[in-house]
Amino acid sequence: MPRRRLASPLTPPNKPILALGLEGSANKLGIGVVEHTPNGETIIRSNIRHTYITPPGEGFLPRDTAQHHREWIMKVLKDACQVAGVGVGDVDCICYTKGPGMGAPLQSVALVARTLSLLYNKPIIGVNHCVGHIEIARVITHAHNPVVLYVSGGNTQVIAYSKQCYRIFGETLDIAVGNCLDRFARVVGLPNDPSPGYNIEQLAKKKGRKLVSLPYATKGMDVSLAGILSSIEAYTLDKRFRQDLELDSSTTDEDIISPADLCFSLQETVFAMLVEITERAMAHVRSKEVLIVGGVGCNERLQEMMGVMAQERGGKVFATDERYCIDNGIMIAQAGILAYRMGQQTKLEDTTCTQRFRTDEVHVAWRA
């Protein structure tokens, strides 16, 4: 039986409200400006991002990532304000990522947000990174009350909303799916530009032909990915593995394993696990909608597999493109402006950062 849609506790603003959002929890530095109008419209005024990219085979260290953010943040801020056609003094609130994320990069961006708040005498709002992903995706896709699959480099969660809280139904027990993909990309020497996960997806789609056996580790509503990573790394030491076959589609030797085969196998196995636990959450809350958010949510194969499951249940999948899936400033601005409109602000002494800030710790006062 369809549930009755409750009235939103948000009241329309008397005038347009502008929020500046700053995101820097990992290797993406993003700043954006969002506007809420009296007629209920949400306008994305700017969404500027700069990515710290390391050489192939290397990850990004917190210290180096923080240094990147410090070097680029003033240019990104200037570009975001220029595109939006506003100055920092014109916005109504400053929003920054409080967590979760990498400590040093978070602190670098929070320091700038705090400084801007003091310089321009603007209220400041600390935002949960995960909630930011959800709120910007809800605006872009117009999903009503979906089950959310949040998949990124640092997080893997299945989430559903209830009573002003985004409740976690299932999550990874060890590493996140994005971290699993990124680490394997380094093992097989894939470049980090534009991202390791994207390069895995492209190699699997174009050249992957063989599905190798990997552990399938769903544990109730949770998943475990560390063992899968160890198992697929072991294939690169197998005598059948040929690194130089990643661009060779002419071989017919069934006993050869290529990097493309391993990329294909890793995606198929891990994504099947994610689809399974998402379907369980849909059945539990009787939802017909799935919303995929986070950087890994850009993966078209994941969207395709989730779409097959949703269609079989008479449902629908919602997802965004790389502008909003990948970490960005506009998602922090959107979640922050919603909190601001409900009267929430962060005291200056509380404008700290935390690497562990769970999605279900946030009071989602702006939803019924």
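Predicted, not measured: the structure shown is a model, and the values here were computed from it. Numbering of residues starts from 1 in each chain and follows the order in which that chain's sequence is written. Only residues with pLDDT of 70 or above have their local features reported here, since the model is predicted, and side-chain atom pairs are shown and tallied only from 80 upward, although totals for entire chains, interfaces and linings are computed over all residues. Each side-chain value is derived from all of the structure's non-hydrogen atoms; neither hydrogens nor water enter the calculation.

### A few points about the overall build of the protein
Helix and strand labels come from DSSP, where a helix needs a run of H or I of at least four residues and a strand needs a run of E of at least two; each type is numbered from the N terminus. A count of helices and strands for the protein gives ten helices and twelve strands. Computed over the C-alpha atoms, the radius of gyration of the protein is 21 Å, within 12% of the 21 Å expected from 2.2 N^0.38 for a compact globule of 368 residues. Its C-alpha atoms put the protein at 70 × 55 × 30 Å along the principal axes. Any pair of residues with heavy atoms lying within 4.5 Å of one another is described as a contacting pair. Within the protein, residue pairs in contact and separated by at least 24 positions form 76% of the contacts whose partners lie at least 6 positions apart. Of the accessible surface of the protein, which amounts to about 16500 Å², a share of 50% is contributed by carbon and sulfur atoms. The quantity called the radius of gyration is restricted to C-alpha atoms. Its globule counterpart is 2.2 Å times the number of residues to the power 0.38. Only the protein chains shown count as cover for residues, and all accessible areas are computed by the Shrake-Rupley method using a 1.4 Å probe.

### Some points on the sheet that holds strand β12 (residues 316–319)
Strand pairing follows a simple DSSP-based rule, namely that at least 2 bridges must link the two strands. Taken in spatial order, the five strands of this open sheet run β8-β7-β6-β11-β12, and their pairing is mixed. Edge positions in the sheet fall to β8 (166–171) and β12, since each of these pairs with one other strand and no more. When the angles between neighbouring strand axes are averaged without regard to direction, this sheet yields 25°. Note: strand β6 (residues 147–151) against strand β7 (residues 156–161), four bridges, orientation antiparallel. Bridging from a neighbouring strand, V151 pairs with T156 of β7. All axes here are fitted lines through C-alpha atoms, helices being fitted over the stretch that makes contact, and every angle between N-to-C directions spans 0 to 180 degrees. Most of the contacts of helix α7 (residues 259–285) go to β6, to which it runs at about 155°, and overall it touches β6, β7, β8 and β11 (289–293).

### Quick look at the pattern of salt bridges
Here the idea is simple: oppositely charged side chains can pair when their charged atoms come close. We define a salt bridge as a side-chain nitrogen of Lys or Arg found within 4 Å of a carboxyl oxygen belonging to Asp or Glu. Under the criterion given, the structure shown has 14 salt bridges. Between E135 and R138 there is a salt bridge; the shortest N-O distance is 2.7 Å. Of this pair, E135 and R138 are both found in helix α3 (residues 129–141), three residues apart, which corresponds to roughly one turn of the helix. Among the ionic pairs, D360 bridges to R358, the shortest N-O distance being 3.4 Å. Burial classes: relative accessible area under 20% of the type maximum marks a residue as buried, over 50% as exposed, and values in between as partly exposed (1.4 Å probe, protein chains only). Of the residues examined, D360 reaches a relative accessible area of 31% and is grouped as partly exposed. Given the relative accessible area of 33%, R358 is considered partly exposed. The structure contains a network of salt bridges with shared partners spanning E171, R358 and D360.

### Brief notes about the packing of α7 against helix α8 (residues 300–312)
Two quantities define a packed helix pair, namely the angle between the helix axes and the distance between the axes. At their nearest, the axes of α7 and α8 sit 10 Å apart, and the two run at 40° to each other. Accordingly, the angle class assigned to the pair α7 and α8 is oblique. Note on packing geometry: the crossing formed by α7 with α8 is right-handed. Residues Q267, E268, F271, A272, L274, V275, T278, E279 and M282 of α7 form the contact with α8, whose participating residues are R301, L302, M305, M306 and M309. Here the term charged refers only to Asp, Glu, Lys and Arg, the term nonpolar to Ala, Val, Leu, Ile, Met, Phe, Trp, Tyr, Cys and Pro, and the term polar to all other amino acids, Gly among them. Across the contact of α7 with α8, the residue classes break down as nine nonpolar, two polar and three charged. These descriptions rest on fixed angle ranges, namely under 35 degrees for roughly parallel, over 145 for roughly antiparallel, 65 to 115 for roughly perpendicular, and the rest for oblique. It is the rotation of the near helix from the far one that decides the hand of a crossing: anticlockwise by less than a right angle makes it left-handed, clockwise makes it right-handed.

### Here's the deal with the packing of helix α4 (residues 177–187) against α7
Put simply, α4 and α7 touch, their axes get as near as 12 Å, and they point 175° apart. The orientation of α4 relative to α7 falls into the category roughly antiparallel. In this structure, α4 contributes V177, C180, L181 and F184 to the contact, and α7 contributes L262, C263, L266, V270, F271 and L274. A per-class count over the contact of α4 with α7 returns ten nonpolar, no polar and no charged.

### What to know about the packing of aromatic side chains
Here is the rule: rings of Phe, Tyr and Trp (six-membered ring for Trp) pair when centre to centre is within 6.5 Å. Planes less than 30 degrees apart are stacked, more than 60 are edge-to-face, and the remainder are tilted. Following the criterion strictly, the structure yields one aromatic pair and no others. Look at Y161 and Y166: their rings are 5.6 Å apart centre to centre, the planes differ by 65°, and that puts the pair in the edge-to-face class. Look at Y161 and you get buried, because its relative accessible area is 13%.

### Thoughts on the pairing of strand β4 (residues 93–99)
For β4, a buried count of seven out of seven residues is recorded, marking the element as mostly surrounded by other parts of the structure. Inspection of the sheet shows strand β1 (residues 17–23) paired to β4 by four bridges, in the parallel sense. The residue of β4 that forms the bridge with L22 is Y96. Where β4 meets strand β5 (residues 124–128), five bridges bridge the pair, whose relative direction is parallel. When the sheet's bridge partners are listed, G99 is paired in β5 with N128. Here a crossover is taken to be right-handed if, once the strands point away from the viewer, the path from the first strand over the helix to the second is traced clockwise. Note that the unit made of β4, helix α2 (residues 103–120) and β5 has a crossover that is right-handed.

### A look at the sheet that holds strand β3 (residues 42–51)
Each strand in a sheet pairs with another by means of backbone hydrogen bonds, the pair being arranged parallel or else antiparallel. Reading across the sheet, the five strands line up as β3-β2-β1-β4-β5 and stay open at both edges, with mixed pairing between neighbours. Edge positions in the sheet fall to β3 and β5, since each of these pairs with one other strand and no more. Looking at each pair of strands side by side, their axes are set apart by 20° on average, direction ignored. Packed on one face of the sheet, helix α10 (residues 329–341) meets β1, β2 (28–36), β3, β4 and β5 and runs near 130° to β1.

### Re the side chain of K28
Tracing the backbone shows K28 in strand β2. For K28, which is buried and forms no salt bridge, the nearest opposite charge comes from D327, at a distance of 6.2 Å. A polar atom in the side chain of K28 sits 3.2 Å from the side chain of N27. Once residues within four sequence positions are removed from consideration, K28 is found in contact with E23, R49, H50, T51, H69, I326 and D327. This count recognises Lys and Arg as positive and Asp and Glu as negative, with His and chain-terminal groups excluded. Residues adjacent in sequence count toward polar contacts only when both atoms are side-chain atoms; beyond that, a polar contact is any pair of N or O atoms within 3.5 Å, and within protein one must be able to donate a hydrogen and the other to accept it.

### Re unusual backbone geometry
Geometrically, the link from G99 to P100 is a cis peptide bond, its omega value of -5° lying close to zero. Looking at where P100 falls in the secondary structure, it is placed in the loop between β4 and α2. In this chain, D193 is followed by P194 through a cis amide linkage whose omega measures 0°. In the Ramachandran plot, R286 falls in the positive-phi region, its phi being about 60° despite a non-glycine side chain. Residue placement: R286 occurs in the loop between α7 and β11. The exposure class of R286 is exposed, given its relative accessible area of 64%.

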